[in-house]
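Here are the chains, one letter per residue:
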Amino acid sequence: MRELGFNKEITTGYYLDPFDSFQEKKVTIELRHDEITGVACRILPYRVRIPQKPDLEPYLEKSPESLCPFCPDLFEKTTPRFTANITESGNFKRGEACLFPNAFPYDQNNNVAIFSSRHLVPMNELTPDYMRDGFLVCRDYFHRVAEMNLGYKYCSINWNYMPPAGGGLIHPHLQTIVSYRPTSFMQKLLSSAQNYAANSNGDNLWNNLIALEKKSNKRFIADTGVVCWLTSFAPKGMAGEIDFIFREKTSIFDLTELNFKEFLTGLSRVFTYLHTNNFMSFNLSLYATMNNNNYFNVQGKIVPRFVMNPLGTSDLNYFEKLHNEIICPTVPEELCRELQPYFKT
Ligand SMILES: [Zn+2]
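A. Geometry of the overall build of the protein. Within the protein, the secondary structure is distributed over 8 helices and 14 strands. Since a compact globule built from 345 residues should have a radius of gyration of about 20 Å, the 21 Å found for the protein is in line with a globular shape. Expressed as a percentage of its 345 residues, the buried residues of the protein come to 37%. A separation threshold of at least 6 residues defines the contact pool for the protein, and within that pool the share at least 24 residues apart is 65%.

Structural data, given as structure tokens:
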């Protein structure tokens, strides 16, 4: 089986340590580069932990239900509606979940989906039942887009949960994007998969990634049936990255309600782990094609986000913003071992 292109290099620094009578201290930093994602990062040997559960009260004070456009009082008046050619009803509904156009779009087709009318939902209450209709209403919309036959090929479901991850409202909501062209990161994944196939007699990169990671048993969290859960070799965030890959699913339309149920059950396990470890925020993206692309499996990533106290310091800095390398004081293999028990209950 062709190798995956996970590259590692160790660099060692020395300084005189003021906390140890200025004795020489050795610091080891691991430089990693993942050829599949193109991500370069530096794994630091010391772990940053969040000492306390963040207080949600200040967020609620600054963003009360009475001012929230996604809460029932303002919802009908302030949310955009679809034009009648997309849906006569103006939006897509499933139970309490509702999908509607983003008032501040990033793309031609950028929508928002709320899960329910509930304003503040802490991370440990993001259960599969709570999340189900929110994700399925995104799928309903993708089906409608396919039915309109406009030639769109790529879609994603995205989530900025809470302000440290870029969430502009605390009311939980997803965002969907449907486009002719993939985003640059998705393009990188697609080209990696095509190159891999070209150099290995048509092998599927994602199947081989699953098989090789399972065998090496360092970053493979769990196999829940159709979905495989892994920690990323080279994470896209300081607190690491959790990946999910749907086996044998090469289009968003391959996913059944049962597949979503399995996926959301796994997600809620990840959230329980994050909540237990005092995180209150994450970014999530699910990437998919809309026409079976045999090179590309439906897949996605979760990156926990946080601010550092006492100053509320961001978890992004010049290294990531301006050098395209991620500083990661979380060893992916350790993160994997910590997550595994949450998938065994
Ligand atoms: Zn609200």
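From this point, things continue past the structure.
B. Looking closely at the sheet that holds strand 6 (residues 110-114). The 10 strands lie next to each other as 4-5-6-8-7-12-13-11-10-9, forming an open sheet whose pairing is antiparallel. Lying at the two open borders of the sheet, with one neighbouring strand each, are strand 4 (92-94) and strand 9 (220-223). For this sheet, the mean inter-axis angle between neighbouring strands, taken without regard to orientation, is 15°. Taken together, the 6 bridges between strand 7 (residues 154-161) and strand 8 (residues 173-179) define a ladder with antiparallel strand orientation. Across the sheet, Ile157 pairs through a bridge with Thr176, a residue of strand 8.

C. Up close: the nonpolar core. Grouped together as the largest cluster of nonpolar side chains are 81 residues, with contacts concentrated most on Cys98, Leu99, Ala113, Val137, Cys138, Val270 and Phe282. What Val270 contacts, discounting residues up to four positions off in sequence, is Ile242, Ile302 and Leu339.

D. Structural view of the sheet that holds strand 2 (residues 23-34). If you walk across this open sheet you meet the 4 strands as 1-2-3-14, and the pairing is mixed. Edge positions in the sheet fall to strand 1 (6-17) and strand 14 (325-328), since each has one partner strand and no second. Averaged over all pairs of adjacent strands, the angle between their axes in this sheet comes to 25°, without regard to strand direction.

Cut-offs used in this document
Residues numbered from 1 in each chain as written. Predicted model: local features only at pLDDT ≥ 70, side-chain atom pairs only at ≥ 80, totals over all residues. Helix = DSSP H or I, 4+ residues; strand = E, 2+ residues; numbered from the N terminus. Rg over C-alpha atoms; globule rule 2.2 N^0.38 Å. Buried ≥ 20, exposed ≤ 12 C-beta atoms within 10 Å, placed from the backbone. Contact = placed C-beta atoms within 7 Å. Pairing = 2+ DSSP bridges. Axes fitted to C-alpha atoms, helices over the stretch in contact; angles between N-to-C directions. Core = buried A, V, L, I, M, F, W, Y, C linked by C-beta atoms within 7 Å.

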